Structure formats: structure tokens, C-alpha cells
Amino acid sequence: MADLHIVDDLRQLPAAWDELLAQQEGATPFMRRAYLQALQAGGSAVAATGWQAAFALLMQGQVLQAAAPLWIKGHSWGEYVFDQAWARAYAAQGLRYYPKGVLAVPFAPVPGSRLLAQDAVARAQLLQGLTQFAAQAGLSGLHLLFGDAADARAAREQGWVAREQPQFHWQRDPNWRGYEDFLASLRRDKRKKLLQERRQVRDAGVTVRVLQGEAIGAADWAFFERCYANTYAVRGQQAYLAPGFFAECGVDWLLFIAEQGGEPIAASLLACDGGDGRDGTPTGARRRVLWGRHWGCVRELPFVHFELCYHAPIEWAMAQGIGRFEGGAQGEHKMARGF
């Protein structure tokens, strides 16, 4: 008989977590043990910020059968599903919406496995155990955010209610030989708009530098973190992710830095699975994926955001043989730029 164990200190997550992740079709680097541990260790996802870890481990003796990243939440920030209207509806009926439980990666609306399991039976047992825990803990409900197809199937089978929201992904056509083929595939009006935006950036004297992995130095990280923090500061908010997190979380990062007159003015940060298994995914059978994650600037110029977040990454993806670029949640404007 398998037993459900709840872990609140993520340093206690077993190495088998990553081994189980590697077996999932929807594995991403954002579900790796090191990434999740860095969120807690740096103070980004902790009880004081409204993210109380209660990770679930379904154990058969000493064998990990299934696992899930459960957080007990006192708010809805950092989830990118925007369910505050539900909280207001609860309050209007004299009910309490918080605390609630979310099965998610904090601050990362990246689709992927959330219910790690050896098989469908273990995944179903995991969901049953989580439901019982939620009732005992007095949670208003459980929310599975941005799960993969196996997660959705298991949840539907147990009567969970599905909700959907759009994301914007760029897909590489196998017949494209280079960036020019991608441009030629666009409608004339889209192609003209895209080229005009890129030309205006170049005419402003802006150049783009691309760094990956260990080539990203301390000064580069410091500049990016300044840009990232500024994105929130201009809205009177504090950045979700703590200084030092990005360099310590074990992701294969790709950093685009825009410079004008030799001075850095903006940056975007993306993640790449590399196709070599370093993201915890099986090698050989998986496609290479680029994930758009964060952006910021210290000087605003027209279309630099689009250049760093869409145009230059798509061109890089074409050159590197990337099969898909996930632009993330929100933003119908991405459709005019190749997504």
C-alpha cells in the first residue's frame, strides 16, 4: 500500500524526484528539484510570500511512485491564471477562498508535467491522496496549473473541472531552411510589419548580443536583474524572483542584451532544453524547445521589446534547429509576430 508524505522543506526532496521527472512526456527544467529548491532557498516561494510548500510524495516503501509540487496559497499572485474574480465571488457568499492549493511551478506559466508518476494508476492514487489532504487542511480547493496531457486526463477521470486559456507558440516548419523561409511564410502585411519593427531598432543604433549558459558573466546577470526588477518597479511592485536566483537554479539560460552606443539598455531571458537531457527530459525522443521567460529595460525605445522577446529569439531558434518557441501566456499581439 502506498503512503502519501507531505514535505515542506524542499531540501528533503529525494533525488528520485528528478528520476521520475525524466520519465514524463511533459518534463521541463522548471520542475527539476534544483529549480524548485532555489525558489524556496532564495525566499521567492516561501510561506512569508504566500507560497507554503506542501509537496506530495507517494511512497511504496522506499520507492517513489508519484509526486507533485503542492503549494498552499494565501493569494493568487504569481500564477498567471487570474482567478481573483472567484475569490470575490466566494467572499460575496460569505465563504473563504484562501487558503487554496495549487499544483504548479511558481511564477512560470510553462505547460508541463505536474503530476509525476510511474504510471496512470500511481497518478490517480496521487490525486486521491491530494484531495484528501486538501480536505483535511481546510483548503477551498485544488488547482492544477499548466499541466500536461497526462495530468489533464487523470484530473478529468476524477471529476475535476477543466478550464482553458490560450498560449502563443512558434512552431518550426520542417521545410524551412533558414530565417528567410520563415519570413516568406508570413502574410505580406505581417512580414512588412515585422521587418519595419526590426529596421527601426537597427536605425536607432541598437545591436543585440546573445549569451548562453556559462558565457553569461556576473556583470551580465547583474544587468539583467536590474532590468527584471525595473519591470516591476515601474508598476509599483516588487519582483517575484530574488536576486541571484537565475544564476543558481540550474536552467540552461539564454540572455539577449540590447545595446545602444555600446551601453546595455534592455535584456530578455529565455530557457532552452538543449536537447541533451540536462532539463530532466529523455534524450533523443524529445524536441528542442525555447521558453520565453523575462524581460526588462533601463531605457525605453520603440520595438526593442519585440526585438528581444520575439524577433531575435525566432531568428536564433531557426539557426539552432529549435522546433518550438513558447512565447507564454497572454498577448494576442504575438500572433502578428509569427506565433
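Residues numbered from 1 in each chain as written. Predicted model: local features only at pLDDT ≥ 70, side-chain atom pairs only at ≥ 80, totals over all residues. Heavy atoms only, no water.

Undergrad: Looking at this structure, how should I read the overall build of the protein?
TA: On a plain count of helices and strands, the protein comes out with 10 helices and 14 strands. A globule of 339 residues ought to have a C-alpha radius of gyration of about 20 Å, and the protein, at 21 Å, matches this closely. C-alpha extents for the protein along the principal axes are approximately 65 × 45 × 40 Å. The buried share among the 339 residues of the protein stands at 50%. Pairs at least 24 residues apart make up 72% of the contacts formed inside the protein by residues separated by at least 6 positions. When the 35 positive and 34 negative side-chain charges of the protein are each reduced to one mean point, those points stand 6 Å apart. (Helix = DSSP H or I, 4+ residues; strand = E, 2+ residues; numbered from the N terminus. Rg over C-alpha atoms; globule rule 2.2 N^0.38 Å. Buried < 20%, exposed > 50% of the residue type's maximum accessible area, 1.4 Å probe, protein only. Contact = heavy atoms within 4.5 Å. Lys, Arg positive; Asp, Glu negative; His and termini not counted. Charge placed at Lys NZ, Arg CZ, Asp CG, Glu CD.)

Undergrad: Where do I start with the state of the cysteines in this structure?
TA: Should the sulfur atoms of two cysteines be covalently bonded, the bond is a disulfide. Counting across every chain of the model gives 0 disulfides. Sulfur of Cys272: no disulfide; nearest cysteine sulfur belongs to Cys249 and is 14 Å away. Lacking any disulfide linkage, Cys309 is separated from the closest cysteine sulfur, that of Cys297, by 10.0 Å. (Disulfide = S-S within 2.5 Å.)

Undergrad: Looking at this model, I keep getting lost on helix α8 (residues 218-233). Mind explaining?
TA: The α-helix advances 3.6 residues per turn, and as a result positions three or four apart in sequence lie on the same side. Between its first and last C-alpha atoms α8 spans 22 Å; for 16 residues at 1.5 Å apiece the expected length is 22 Å, and the two agree. Among all positions of α8, only Asp220, Trp221, Phe223, Phe224, Glu225, Cys227, Tyr228, Thr231 and Tyr232 are buried. Residues of α8 that are buried sit in contact with β10 (206-212), α9 (245-248), β11 (253-260), β12 (263-272) and β13 (289-297). (Expected span 1.5 Å × (residues − 1).)

Undergrad: Hey, could you run me through the sheet that holds strand β5 (residues 70-73) in this one?
TA: Sheet strands associate in pairs through backbone hydrogen bonding, adopting either a parallel or an antiparallel arrangement. One open sheet accounts for 4 strands, arranged β2-β5-β6-β8; its pairing is mixed. Of all the strands in the sheet, the pair left with one neighbour each is β2 (51-53) and β8 (142-144). The sheet shows a mean angle of 30° between the axes of neighbouring strands, taken without regard to direction. Across 3 bridges, the pairing between β2 and β5 is antiparallel. Residue pairing in the sheet places Gln52 in a bridge with Ile72 of β5. (Pairing = 2+ DSSP bridges. Axes fitted to C-alpha atoms, helices over the stretch in contact; angles between N-to-C directions.)

Undergrad: Would you mind going over the nonpolar core with me for this structure?
TA: Nonpolar side chains in soluble globular proteins tend to be buried together. Judged by nonpolar contacts, the single largest core of 53 residues is most densely connected at Trp17, Tyr35, Phe55, Phe246 and Trp253. No other element matches the 6 residues that α8 contributes to this core. Leave out the neighbours within four places in its chain, and Tyr35 touches Pro29, Phe30, Val105, Phe245, Cys249, Val251 and Trp253. (Core = buried A, V, L, I, M, F, W, Y, C linked by side-chain atoms within 4.5 Å.)

Undergrad: Explanation requested: the side chain of Ser268 in the structure shown.
TA: When you line up the elements, Ser268 lands in strand β12. A distance of 2.8 Å separates a polar atom in the side chain of Ser268 from the backbone oxygen of Leu308. Apart from residues lying up to four places away in sequence, Ser268 is in contact with Leu254, Leu255, Phe256, His294, Trp295, Leu308 and Cys309. (Polar contact = N/O pair within 3.5 Å; in protein donor to acceptor, adjacent residues only side chain to side chain.)

Undergrad: What am I meant to see in the confidence of the model for the protein here?
TA: Should pLDDT be low for a region, the predicted coordinates there are not to be read in detail. Taken residue by residue, the protein gives an average pLDDT of 93. The fraction at 70 or more is 96%. Taken together, the stretch residues 276-286 has pLDDT below 50 and engages in 23 contacts with residues farther than four places along the chain or on a different chain. (pLDDT = per-residue confidence, 0-100.)

Undergrad: Would you explain the sheet that holds strand β7 (residues 116-117) in this entry?
TA: Read across the sheet, 4 strands follow the order β1-β3-β4-β7 without closing on themselves; strand pairing throughout is antiparallel. This sheet does not close on itself; its edge strands, each paired only once, are β1 (3-7) and β7. The pairing of strand β3 (residues 55-60) with strand β4 (residues 63-68) spans 5 bridges and is antiparallel. When the bridges of β4 are listed, Ala56 appears paired with Ala68. Sheet strands in contact with helix α4 (residues 120-137) are β1, β3, β4 and β7, and its direction is about 60° off that of β4.

Undergrad: Explain the packing of aromatic side chains here, please?
TA: Aromatic ring pairs are defined here through the distance separating the ring centres and the angle between the ring planes. Under the counting rule described, the total for this entry stands at 27 aromatic pairs. Judged by centre distance (6.0 Å) and plane angle (35°), the ring pair of Trp170 and Trp176 falls under tilted. For the pair Trp170 and Trp176, one class covers both residues: buried. Residues Tyr310 and Phe339 carry aromatic rings whose centres are separated by 5.5 Å and whose planes lie at 75° to one another, so their mutual orientation is edge-to-face. Here the residue Tyr310 occupies a position in helix α10 (residues 304-320), and Phe339 occupies one in the segment after β14 (324-329), the gap between them amounting to 29 residues. (Phe/Tyr/Trp six-rings, centres within 6.5 Å; stacked < 30°, edge-to-face > 60°.)

Undergrad: Any chance you could explain the pairing of β5 here in plain terms?
TA: Relative to strand β6 (residues 100-103), β5 runs antiparallel, the two sharing 4 bridges. Within the sheet, the bridge partner assigned to Ile72 lies in β6 and is Gly101.

Undergrad: Would you take a moment to explain the side chain of Asp220 for this structure?
TA: With respect to the secondary-structure elements, Asp220 resides in helix α8. On the basis of relative accessible area, Asp220 is assigned to the buried category, the value being 13%. A polar contact of 2.9 Å, which involves the side chain of Asp220, links it to the backbone nitrogen of Gly217. Not counting chain neighbours up to four residues away, the residues in contact with Asp220 comprise Arg209, Leu211, Ala215, Leu255 and Ile257.

Undergrad: Even after reading the chapter, I still don't get the environment of Tyr35, so can you show me in this structure?
TA: Along the chain, Tyr35 falls in helix α2 (residues 33-41). Classification of Tyr35 by relative accessible area gives buried; the value is 2%. As for Tyr35 and Phe245, which are separated by 210 residues in sequence, their C-alpha atoms are 8.9 Å apart.

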